[in-house]
Amino acid sequence: MKEQNLSQALLDWYYKNGRDLPWRVKGGAHENPYVVLVSEFMLQQTTVKTVIPYFTKFMARFPTIFDLAQADLEEVYHYWQGLGYYSRARSLKQTAEMIVARGDFPQTEAEVLKLKGVGEYTAASFLALAFNQPLAVVDGNVMRIICRMYHLTQPLEDIKQDIKAKALKLTSVQNPADYASAIMDLGAMICTPKNPHCHDCPWQKYCASAGKSDVEHIPYRKKNEKPVRYGAVYLIKNSEGKYFIQKRMEKGLLSGLYAFPWCDNGTLQIYAKAAEDTGLEVVHVFTHFKLVLRLFVLEAESSVGNGLFVFPSAFENYPFSTLMKKVWKKFSLAE
Ligand code: SF4
């Protein structure tokens, strides 16, 4: 079957079965590129199910690109709290400022790639969904589908260009916006990592992996264990029962968010001697490494560096990362 017929078969399936999502329209490009932009940033490394409530609240507070461009960054972090990867919130706001400054939404790949926090995938997806451009939108879901369709068994890392070329050929020339959504839904609903539902798949008859025993193992990957870092976090309490928190720098890991003093490499010398080891640990997996944080407690009336003492009941007023929420939960449950 020709690629364009395959894409039409997928579109037919999508119009009947595709998901209704708050940032999605069926039947062509979205009339509001800002909606696409916000959803694309939120969906980077986060699932659709998690994003939906955050997206709804975010759009209610920042309904236009002008609202976001003018907003205070701390408030944007607040609405992002719990989604993780906070540098995305900062990049999205910077991107909104850039678009407002230039006066319109960029519509070429080269221009979109100049926006803050926009990589190849986000650029292609944005241009397909907002401007109906037939670009290869290739994320992990699409790679899995393409590898299975053509039964590609080499390690994924070695065949990315081939996958992209095949994905581009399959992309609907007539309706790239709907096709981009359709292939995402195929990956999320049918060609799932485990137990793909081949019987319900519009591509089953043409798929080289359907019915094969290794389908779940495709795509193959080179083994790559994440390195582990060991660090320490300090819960510093004063006589009023308040805890010391600090705002992290605007650059680096968990930037701009509030946190208990911590480091991801050994202990902080300034606190280490006086602090008591609780024996508790929190494990958190980042994109490039796994972090094991040991929890220490300390009683003090003042602390070093910029920060403030806050009652635990008021923590919700300060944007905390998921990591620090885990730390507090672990500590408060053990107390
Ligand atoms: S037939 Fe099965 S393996 Fe092939 S694309 Fe469809 S769901 Fe995936």
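S.K.: Could you give me a rundown of the packing of helix 8 (residues 120-131) against helix 11 (residues 176-190), with the residues and numbers involved?
M.R.: It is at 7 Å that the axes of helix 8 and helix 11 come closest, and there the two elements cross at 125 degrees. The orientation of helix 8 with respect to helix 11, classified from their angle, is oblique. In this structure, the crossing between helix 8 and helix 11 has a hand that is left-handed. Taking contact as the criterion, the partners of Ser125, Ala128 and Leu129 in helix 8 are, on helix 11, Pro176, Ala177 and Ala180. Split into classes, the residues belonging to the contact of helix 8 with helix 11 amount to 5 nonpolar, 1 polar and no charged.

S.K.: Describe the site of the ligand, listing the residues and the values that go with them.
M.R.: With respect to spatial proximity, 14 residues lie near the ligand, and among them Cys191, Cys198, Cys201, Cys207 and Ala210 are the closest. Among the elements that make up the shell around the ligand, the one with the highest residue count is helix 9 (residues 140-149) (3 residues).

S.K.: So what's going on with unusual backbone geometry? Residues and values would help.
M.R.: Residue proline 219 is bonded to the preceding isoleucine 218 through a cis peptide linkage, with omega at 5 degrees. With respect to the helices and strands, proline 219 occurs in the loop between helix 11 and strand 1 (228-237). Of note in the backbone geometry, glutamine 45 takes a positive phi value of approximately 65 degrees without being a glycine. Structurally, the position occupied by glutamine 45 is in the loop between helix 2 (33-43) and helix 3 (48-61). For asparagine 132, which is not glycine, the phi torsion reads 55 degrees and is therefore positive. Turning to its location among the elements, asparagine 132 is positioned in the loop between helix 8 and helix 9.

S.K.: Can you explain the pairing of strand 5 (residues 276-285)? Please cite residues and give values.
M.R.: Within strand 5, only 1 of the 10 residues are buried, which leaves it mostly out in the open. Bridge count between strand 5 and strand 6 (residues 290-299): 7 bridges; the pairing is antiparallel. Each residue of the ladder has a partner; that of glutamate 281, found in strand 6, is arginine 294.

S.K.: Break down the pairing of strand 2 (residues 243-247) for me, with residues and values.
M.R.: Sheet analysis places strand 2 next to strand 7 (residues 308-310), joined by 3 bridges and oriented antiparallel. Each residue of the ladder has a partner; that of isoleucine 245, found in strand 7, is leucine 308. Judged from the 2 bridges that link them, strand 2 and strand 3 (residues 258-259) form a sheet pairing that is antiparallel. Across the sheet, the residue bridging to glutamine 246 is alanine 259, located in strand 3.

S.K.: Explain the nonpolar core to me, using residue names and the numbers behind them.
M.R.: When a protein is soluble and globular, its nonpolar side chains tend to lie buried together. Membership of the largest hydrophobic core comes to 89 residues, with the highest contact counts inside it found for Val38, Ile183, Tyr234 and Phe260. The element best represented in this core is helix 2, accounting for 8 residues.

S.K.: Give me the lowdown on the environment of threonine 95, citing residues and values where you can.
M.R.: Within the fold, threonine 95 resides in helix 6 (residues 87-102). The sequence separation of threonine 95 and lysine 116 amounts to 21 residues, and the corresponding C-alpha distance is 5.3 Å. Beyond its immediate sequence surroundings of up to four residues, threonine 95 is in contact with Leu37, Leu115, Lys116, Gly117 and Val118.

S.K.: Summarise helix 10 (residues 160-170); cite the residues concerned and give the values.
M.R.: Residues Ile163, Lys166 and Ala167 constitute the buried set of helix 10. Within helix 10, the buried residues cover an arc of 100 degrees as seen down the axis, which keeps them to one side. Facing away from the buried side of helix 10 by more than 90 degrees, the exposed set consists of Gln161 and Ala165. Residues of helix 10 that are buried make contact with helix 9.

Quick notes on the rules
- For every chain, the first residue of the written sequence is number 1, and numbering continues from 1 onward in sequence order.
- Totals for whole chains, interfaces and linings use every residue, but because this is a predicted model, local features are given only for residues with pLDDT of at least 70 and side-chain atom pairs only at 80 or more, for both listing and counting.
- All axes are obtained by fitting lines to C-alpha atoms, using only the stretch in contact for helices, and the reported angles, taken between N-to-C directions, cover 0 to 180 degrees.
- In this description a helix means any DSSP run of H or I spanning at least four residues, a strand means any run of E spanning at least two, and both kinds are numbered starting from the N terminus.
- Every angle not falling under 35 degrees, over 145, or within 65 to 115 is termed oblique; those three ranges are roughly parallel, roughly antiparallel and roughly perpendicular.
- Each helix crossing is assigned a hand: it is left-handed if the near helix lies turned anticlockwise from the far helix by less than a right angle, otherwise right-handed if that turn is clockwise.
- Contact between two residues is assigned whenever their backbone-derived C-beta positions fall within 7 Å.
- Three classes are used: nonpolar for Ala, Val, Leu, Ile, Met, Phe, Trp, Tyr, Cys and Pro, charged for Asp, Glu, Lys and Arg, and polar for all others, with Gly counted as polar.
- Using a C-beta atom placed from the backbone for every residue, we mark a residue as near a molecule or strand if that atom lies within 6 Å of it.
- Any residue with 12 or fewer other C-beta atoms within 10 Å of its own C-beta is exposed, any with 20 or more is buried, and the rest are partly exposed; the C-beta atoms used are placed from the backbone.
- Whether two strands pair comes down to DSSP finding at least two bridges between them.
- In this description, a nonpolar core means buried residues of the types Ala, Val, Leu, Ile, Met, Phe, Trp, Tyr and Cys, linked to one another by C-beta atoms lying within 7 Å.
- Read the arc as the range of directions from the helix axis to the C-beta atoms.

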